[in-house]
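Given next are the chains, with one letter for each unit.
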Amino acid sequence: MIDVVASEWLKVRTVRSTYYLVLTAVLALALGAVISSLMTADYDRSTPELRAVFASADPSVFVMPFTQFAAGVIGALVVTSEYTGGMIRTVLVAVPRRMSVLAAKVAVVGGAGLLFGELVSFASYGVGAVIIGDRPAPLAQFDGLAAALPSVLANGMSIAVLALVGLGFGTLLRSTAGALTTLCFLMFVLPMVAVLLPAPWNNRLVAVTPLYLTPQFSGAIDHAPLTPGWALAVLLAYPVVALAAGAVALARRDA
C-alpha cells in the first residue's frame, strides 16, 4: 500500500496542472491582498458613520472560494487525467485491487490538500493582519490570532474537503469537464439558486452548501442556521458521499 501511495504522490507532484492550480491560489492571495489594501485605504478616508458599516477586509473572504475550487480541480484531475490518457488501465494492471488505488488517491489528495489548505489559510490571515493593522471591527474580522484560529483552521480543512469532493466526482464521472461542472454547480450556482427560493427554504438550503458550512463550523457567523457540530457533519458528508459513489462506480465498471 505504501508503494501505491508513493506512486500517486509522484504523479500528483510531477504534472504541470498541479503547479498551475497552485499558482491560481497564489494569484488569488495576491489579488485578495490588493482588495484588502484598497478597502483599508478607503476605510481610512471615510467618516465614522461609513466606517461603522464597512465589510471585513480579510483577504480570505476572496481567497478561500478560489482556492477551494482549485483544490477540487486538482482532486478531479488526479483520476480523470488517467481516464483521458488511458493510463488507468496500466494503473489497474499494476494494482488490481481497485479500492487500494482509490484509497491511495484519497490519502494523497486529502493529505496534500490539508497541508496546502492550512498554508494558504494562515498566509491569507497573515497578509490581512499586516494590511489591516490595529484597525478595529468591522474592518478587522478578528481580534488577534487566538480569536481567528478556529476560522483559519476550518478554512484550511475545507480546502482538503473540496479536493476530496473533486476526487469523488472525477472517479464517478470519469470526465474532467463533467466533474468540474458538477463542482462549480455545487459551490457557486446552487447558492445563487437557493436565494431565489421563498423563506425559510432559501436560508436553509444556502446553509448546507459548501461555501457557507465552514464559517458556521468555525463559529464565525452569529445566529447561524446550523450549530458547529451539524455544520461539520454536513461538510464531511460531501466527500463521504462523493467518494462512496465513486467507489461503487470504480468497482462495477470496466476501465
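Residues numbered from 1 in each chain as written. Predicted model: local features only at pLDDT ≥ 70, side-chain atom pairs only at ≥ 80, totals over all residues. Heavy atoms only, no water.

**Student:** Requested: an account of the overall build of the protein, with residues and values cited.
**Tutor:** Assigned secondary structure in the protein consists of 11 helices and zero strands. Along its sequence from the N terminus, the protein presents helices and strands in the succession α-α-α-α-α-α-α-α-α-α-α. Its C-alpha atoms give the protein principal-axis dimensions of about 70 × 40 × 30 Å. Here the analysis covers contacts within the protein between residues at least 6 apart in sequence; of these, 76% occur between residues at least 24 apart. Of the accessible surface of the protein, which amounts to about 12,900 Å², a share of 72% is contributed by carbon and sulfur atoms. Of the charged side chains in the protein, 14 are positive and 12 negative; the average position of the first set lies 17 Å away from that of the second. (Helix = DSSP H or I, 4+ residues; strand = E, 2+ residues; numbered from the N terminus. Contact = heavy atoms within 4.5 Å. Areas by Shrake-Rupley, 256 points an atom, 1.4 Å probe, with all protein chains shown as cover. Lys, Arg positive; Asp, Glu negative; His and termini not counted. Charge placed at Lys NZ, Arg CZ, Asp CG, Glu CD.)

**Student:** How would you summarise the side chain of Gln216 if you had to cite specific residues and measurements?
**Tutor:** Following the sequence through the fold, Gln216 ends up in helix α10 (residues 210–218). Within the local environment of Gln216, its side chain forms a polar contact with the backbone oxygen of Ala207, the two atoms lying 2.8 Å apart. (Polar contact = N/O pair within 3.5 Å; in protein donor to acceptor, adjacent residues only side chain to side chain.)

**Student:** Residue-level account of helix α7 (residues 145–173), with values.
**Tutor:** Across its 29 residues, α7 extends 41 Å between first and last C-alpha, which sits within 8% of the 42 Å expected from 1.5 Å per residue. Phi turns positive one or two residues past the end of α7, at Arg174, with a value near 60°. (Expected span 1.5 Å × (residues − 1).)

**Student:** Report on the pattern of salt bridges, specifying residues and quantitative values.
**Tutor:** Applying the stated criterion to the full structure yields four salt bridges. Here Lys11 and Glu82 are joined by a salt bridge, their closest N and O atoms 2.5 Å apart. Residue Lys11 is found in helix α1 (residues 2–14), and its partner Glu82 is found in helix α4 (residues 60–85); the two are separated by 71 residues along the sequence. Given the relative accessible area of 4%, Glu82 is considered buried. Asp42 is paired through a salt bridge with Arg45; the nearest N and O atoms lie 3.9 Å apart. Of this pair, Asp42 and Arg45 both sit in helix α2 (residues 16–45), separated by three residues, roughly a single helical turn. Overall, Asp42 belongs to the partly exposed group, its relative accessible area being 36%. Here the residues in one salt-bridge network are Lys11, Glu82 and Lys105, joined through shared partners. (Salt bridge = Lys/Arg side-chain N within 4 Å of Asp/Glu carboxyl O. Buried < 20%, exposed > 50% of the residue type's maximum accessible area, 1.4 Å probe, protein only.)

**Student:** Can you tell me about α10, naming the residues and giving the values?
**Tutor:** Listed as buried for α10 are Pro210, Leu213, Thr214, Gln216 and Ser218. On its buried face, α10 is in contact with α4, α7, α8 (176–194), α9 (201–207) and α11 (228–252). Note on α10: the residue one or two positions beyond its end, Gly219, has a positive phi of about 80°.

**Student:** Any details on the environment of Ala123? Residues and values, ideally.
**Tutor:** Note that Ala123 resides in helix α6 (residues 98–132). Along the backbone, Ala123 and Val26 are 97 residues apart, and their C-alpha atoms lie at a distance of 9.9 Å.

**Student:** If you had to explain the nonpolar core to someone new, which residues and values would you point to?
**Tutor:** With 26 residues, the main nonpolar core has Val109 and Leu167 as its most contacted residues. At the level of elements, α1, α4, α5 (87–94), α6, α7 and α11 are the ones that each hand at least two residues to this core. Of all hydrophobic cores here, the second largest spans 16 residues; its members include Val161, Val165, Leu186 and Leu190. (Core = buried A, V, L, I, M, F, W, Y, C linked by side-chain atoms within 4.5 Å.)

**Student:** Help me get a handle on unusual backbone geometry, residues and values and all.
**Tutor:** Note the cis peptide between Ala137 and Pro138, where omega equals 10°. Tracing the sequence through the fold places Pro138 in the loop between α6 and α7. Across the junction of Ala199 and Pro200, the peptide omega takes the value 0°, indicating a cis bond. Here Pro200 is to be found in the loop between α8 and α9. A positive phi angle is found at Arg174, which is not glycine, with a value near 60°. With respect to the element layout, Arg174 can be found in the loop between α7 and α8.

**Student:** Could you give an account of the environment of Ser7, with specific residues and numbers?
**Tutor:** Structurally, Ser7 is set in helix α1. When the C-alpha atoms of Ser7 and Lys105 are compared, they prove to be 9.5 Å apart, with 98 residues separating the residues in sequence.

**Student:** Which residues make up a nonpolar patch on the surface, and what values go with them?
**Tutor:** Together, Leu31, Val34, Ile35 and Leu38 make up a nonpolar patch on the protein surface, roughly 340 Å² of accessible area in all. Structurally, the position occupied by Leu38 is in helix α2. Overall, Leu38 belongs to the exposed group, its relative accessible area being 58%. (Patch = residues over 30% accessible without salt bridge, like charges linked within 9 Å, V, L, I, M, F, W, Y side chains within 5 Å.)

That's the geometry; what it means functionally is another story.
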